[in-house]
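Survey of secondary and tertiary structure
Take a look at the letters that make up each chain.
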Number of protein chains: 2
Amino acid sequence: MMAAPKLDPIDLKILNAIQRDGRITKLALADKVGLSPTPCWMRLRKLEKAGIVSGYHASIAIRVVAPVATVLMEVTLASHRQADFDRFERVIRDIPEIVACWSVGGGVDYVLKVMARDIDSYQRLVDSLLEREIGIDRYFTYIVTKTVKDETVLPLADLLPPHS
Amino acid sequence: MMAAPKLDPIDLKILNAIQRDGRITKLALADKVGLSPTPCWMRLRKLEKAGIVSGYHASIAIRVVAPVATVLMEVTLASHRQADFDRFERVIRDIPEIVACWSVGGGVDYVLKVMARDIDSYQRLVDSLLEREIGIDRYFTYIVTKTVKDETVLPLADLLPPHS
DNA sequence: CTTGAAAGATGGGGTGC
DNA sequence: GCACCCCATCTTTCAAG
């Protein structure tokens, strides 16, 4: 990792290409972004070293193999000292079935995304959380009945200020 | 894509390895799962062909380059005919800044995850959605103040029934 | 499952513009 | 900055045993 460099339109094209195809070859990438292989490869290396490319991952379509329950959960803590937030977050981070956790403003403290084998497993997970006394005051469960969209590809063009 | 095959423990190891490192070489993968390269490669190909491996993607740490606003949004539609859901979902799917959308049971119809340059951009997006008359009755905004966790790696061992 | 081999990709080097 | 060579090594893919 190093200081965040400015991104020009070619860097953006590189990021967009590897977001969509993480196993694209350096030659095909160079071709796609309109550079020759060497400078393209040097840019990619710089983006990786800067931590802008944080990793490469295969996406698994788990539903092809087995049904899975996805649940969104709102959580409010009983007390709001820094230590209470820290304890809660530390526990959450260690539970693999909790695949996302956002601290939010607006009525509740956290929104979590949980994946489990089924609703029973989800409820057992919740029960075990409540038993562990990690400061949960109230929670609310939204069972996901359909995943309309779940993008791995970020809309970089919309997120980055023009030319960097 | 083909029929869902059963997954044995070695398939699971392969999936876990490529989830964590999408650019691992076939030799290193074979070594890691305790197979020689050819059978390992054939298993991987089968997993890809079956659609269980749905793609390979680079993860971009956008925050290293520029600040980004993440927002969770609850949406309730005004009327609940199939056509109303379809219209809403069709519009949502075409908006890149809406990176996720879950249809849920429990008080509201949808929960959305939106990424935008800042809160202003988010609000403009919401305003444009309301103007488009796609049936939104009420919405509620949760501004994400901290992403505690956002895993790309699924807890396969917890999600799959023992031995397939 | 193993070995082996051909085709291609990678990660450099260097030169010149 | 870039393109256009070069090369040695590794990776991928598949045939044959």
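For the structure, see preceding data.
What this report covers is the structure whose coordinates are included nearby. What you are looking at is a predicted structure, and each value in this text was computed from that prediction instead of being measured.

The next point concerns the layout of surface pockets. Here the largest pocket defines a volume of roughly 1,500 Å³. Lining the largest pocket are 42 residues; nearest its centre among them are A:Glu151, A:Thr152, B:Asp150, B:Glu151 and B:Thr152. Partitioning the lining of the largest pocket into residue classes produces 19 nonpolar, 13 polar and 10 charged. As a volume, the second largest pocket reaches approximately 150 Å³. Lining the second largest pocket we find A:Asn16, A:Arg20, A:Glu151, A:Val153, A:Leu154, A:Pro155, A:Leu156, A:Ala157, A:Asp158 and B:Pro96.

Here we take up the interface of chain A and chain B. Contacts between the two partners involve 77 residues from chain A, matched on the other side by 76 residues from chain B. Carbon and sulfur atoms make up 59% of the area that chain A and chain B hide from each other, which totals about 6,700 Å². On the chain A side of the interface with chain B, the three residues burying the most area are A:Arg23, A:His57 and A:Lys149, jointly 12% of the side's total. Here A:Glu89 makes a salt bridge to B:Lys146, at a shortest N to O gap of 2.5 Å. At the boundary of chain A with chain B, the tally comes to 49 residue pairs in polar contact (both at pLDDT 80 or more).

Near DNA strand C you find A:Thr25, A:Lys26, A:Leu27, A:Thr38, A:Trp41, A:Arg45, B:Ser36, B:Thr38 and B:Pro39, and these make up its full shell. For DNA strand C, the fraction of atoms within 4 Å of the protein that belong to sugar or phosphate moieties is 76%. Within the backbone of A:Lys26, an N or O atom sits 2.8 Å from a phosphate oxygen of DNA strand C. A distance of 3.0 Å separates a base oxygen of DNA strand C from a polar atom in the side chain of B:Thr38. Every element with two or more residues in the surface near DNA strand C is listed here: helix H2 (26–33) and helix H3 (37–49) of chain A together with helix H3 (37–49) of chain B. At 3 residues, H3(A) tops the list of elements feeding residues into the surface near DNA strand C. Among the residues forming the surface near DNA strand C, the class breakdown is 3 nonpolar, 4 polar and 2 charged.

What follows covers the packing of helix H1 (residues 9–20) of chain B against H3(B). Residue and element names in this part refer to chain B. Remark: H1 packs on H3, axes separated minimally by 10 Å, with the N-to-C direction vectors making an angle of 75 degrees. Taken together, the axis directions place H1 and H3 in an arrangement best described as roughly perpendicular. For the pair formed by H1 and H3, the contact residues are Ile10, Asp11, Ile14, Leu15 and Ile18 on the first element and Cys40, Arg43, Leu44 and Leu47 on the second. Of the residues contributing to the contact of H1 with H3, the split by class is 7 nonpolar, no polar and 2 charged.

Attention shifts here to the relation of the copies chain A and chain B. Mapping chain A onto chain B is achieved by rotating through 180 degrees and translating by 0.0 Å along the same axis, at an RMSD of 0.1 Å. On this basis, the relationship between the two copies can be described by a two-fold rotation axis. Across chain A, the smallest distance between a C-alpha and the rotation axis is recorded for A:His57, namely 2.8 Å. In this assembly, 99% of the residues forming the interface of chain A have copies in chain B that are likewise at the interface, indicating an isologous arrangement.

Pairing is antiparallel in the closed barrel, where 8 strands are placed in the order S2(A)-S4(A)-S3(A)-S5(B)-S2(B)-S4(B)-S3(B)-S5(A). The average angle at which neighbouring strand axes cross in this sheet is 35 degrees, direction not considered. In the sheet, strand S2 (residues 69–77) of chain B pairs with strand S4 (residues 110–116) of chain B via 7 bridges, with the strands oriented antiparallel. Bridge pairing in S4(B) places B:Thr70 opposite B:Met115.

Rules used throughout
Residues numbered from 1 in each chain as written. Chains lettered and ligands numbered in written order. Predicted model: local features only at pLDDT ≥ 70, side-chain atom pairs only at ≥ 80, totals over all residues. Heavy atoms only, no water. 1 Å grid on protein atoms, 1.4 Å probe; cavity = no way out; pocket = protein on both sides within 12 Å on 5 of 7 lines; lining within 4 Å. Points joined across faces, edges and corners; volume = space filled by probe spheres on them. Nonpolar A, V, L, I, M, F, W, Y, C, P; charged D, E, K, R; others polar. Contact = heavy atoms within 4.5 Å. Buried area = accessible area lost by both parts, 1.4 Å probe. Salt bridge = Lys/Arg side-chain N within 4 Å of Asp/Glu carboxyl O. Polar contact = N/O pair within 3.5 Å; in protein donor to acceptor, adjacent residues only side chain to side chain. Near = heavy atom within 4 Å. Helix = DSSP H or I, 4+ residues; strand = E, 2+ residues; numbered from the N terminus. Axes fitted to C-alpha atoms, helices over the stretch in contact; angles between N-to-C directions. Parallel < 35°, antiparallel > 145°, perpendicular 65-115°, else oblique. Least-squares fit on C-alpha atoms with pLDDT ≥ 70 in both. Pairing = 2+ DSSP bridges.

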